[in-house]
Amino acid sequence: MNIQLRIAKKEDCPRLLELVKELALFERAPEEVTVTLQEFEDAGFGEKPVWKAFVAEVDGFIVAFAVYYVRYSTWKGCRMYLEDLIVTEEMRGKGVGKLLFDRLIVEAKEMGFNGMSWQVLDWNEPAIGFYKKYDAGIEAGWLNGALSREQLLNFEL
């Protein structure tokens, strides 16, 4: 199997969003994907892009991608934040995720980041096992906080 990695292009966004929805289904939260294709494209390729992605293709078809953005930590400085590493179900276990993760590490080094971070669901044992192969630290004790778009719009001082 010939797997090709490359930087994502705007034309890839419809397929990338399909993969995002596939991941949300796997993570038991399909209703949580509310971003539109237009928002997704603008965030990656608009006037002020905030994310970058690498895609993995087999025979010209995108089977996986990894999307990241720059995160600033007052404790650690500039770091890569891996938002999602998505491999289609039929391609899992074939080394595609490793190729993408390795490419992210190279990118983080080339960009001079002080590290990289990500989240993984506590029940996703395959993913946890994957990251542990890199001797990654998996932190416990942090809870995620969030406000929805509706909560932001309804906020009044």
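What comes next is a walk through the structure. Each chain has its residues counted from 1, following the order in which its sequence is written. The predicted nature of this model means local features are confined to residues of pLDDT at least 70 and side-chain atom pairs, given and counted, to a pLDDT of 80 or more, with totals for whole chains, interfaces and linings taken over all residues. In computing side-chain values, all of the structure's heavy atoms are included and hydrogens and water are not.

1. Let's talk about the sheet that holds strand β1 (residues 3–7)
Pairing in this open sheet of five strands is mixed, and the strands run β1-β2-β3-β4-β5 from one edge to the other. Each of the sheet's edge strands pairs with one partner strand only, and the pair in question is β1 and β5 (116–117). Strand pairing follows a simple DSSP-based rule, namely that at least 2 bridges must link the two strands. A run of DSSP states H or I qualifies as a helix once it reaches four residues; a run of E qualifies as a strand once it reaches two. Both are numbered from the N-terminal end. Two strands pair when backbone bridges link them, and strand β4 (residues 77–87) and β5 are joined in this way by two bridges, in the parallel orientation. Looking at the pairing, Tyr 81 lines up with Ser 117 of β5. The strands that helix α1 (residues 13–26) touches are β2 (52–58), β3 (61–73) and β4; relative to β3, the one it contacts most, it runs at about 80°. Here helix α3 (residues 96–110) sits on the sheet and contacts β1, β2, β3, β4 and β5; the angle it forms with β4, its principal contact strand, is near 165°. Residues count as neighbours in contact if any of their non-hydrogen atoms are within 4.5 Å of one another. Only the stretch in contact is used when fitting a helix axis, every axis being a line fitted to C-alpha atoms; angles between N-to-C directions are given from 0 to 180 degrees.

2. Remarks on the pairing of β4
Each residue is assigned to one of three classes by its accessible area relative to the maximum for its type, calculated with a 1.4 Å probe on protein chains only: buried under 20%, partly exposed between the two thresholds, exposed over 50%. Across the eleven residues that make up β4, a large majority, nine, are buried. One ladder, built from ten bridges, connects β3 with β4; its direction is antiparallel. Bridge pairing in β4 places Ala 66 opposite Leu 85. Here β3 folds back onto β4, and the loop between the two strands holds three residues. By convention, orient the strands away from the viewer: a clockwise path from the first strand over the helix to the second makes the crossover right-handed. For the crossover from β4 across α3 to β5, the handedness is right-handed.

3. Things to note about the side chain of Glu 41
By secondary structure assignment, the location of Glu 41 is in helix α2 (residues 37–45). No salt bridge is formed by the buried Glu 41. Its closest oppositely charged neighbour is Lys 10, at 4.5 Å. For Glu 41, the residues in contact, after removing those within four places along its chain, are Lys 10, Cys 13, Pro 14 and Gly 46. Under the counting rule used here, the positive set is Lys and Arg, the negative set is Asp and Glu, and His together with the chain ends is not counted. We define a salt bridge as a side-chain nitrogen of Lys or Arg found within 4 Å of a carboxyl oxygen belonging to Asp or Glu.

4. Section: the environment of Glu 32
Tracing the sequence through the fold places Glu 32 in the loop between α1 and α2. Residue Glu 32 is classed as exposed on the basis of its relative accessible area, which comes to 58%. The spatial distance from the C-alpha of Glu 32 to the C-alpha of Lys 21 is 9.1 Å, given a sequence separation of eleven residues.

5. Concerning the packing of α1 against α2
Where α1 meets α2, the closest approach of the two axes is 10 Å, and the angle between their N-to-C directions is 110°. Put simply, α1 runs roughly perpendicular to α2. Read as a crossing pair, α1 and α2 show a hand that is right-handed. Contacts from Cys 13, Pro 14, Leu 16 and Leu 17 of α1 reach α2 at Leu 37, Phe 40, Glu 41 and Phe 45. Among the residues forming the contact of α1 with α2, the class breakdown is seven nonpolar, no polar and one charged. Note on angle classes: values under 35 degrees are labelled roughly parallel, values over 145 roughly antiparallel, values of 65 to 115 roughly perpendicular, and the remainder oblique. For any helix crossing, the convention is left-handed if the near helix is rotated counterclockwise from the far helix by under a right angle, and right-handed if that rotation is clockwise. Ten residue types, Ala, Val, Leu, Ile, Met, Phe, Trp, Tyr, Cys and Pro, are classed as nonpolar, four, Asp, Glu, Lys and Arg, as charged, and the remainder, Gly among them, as polar.

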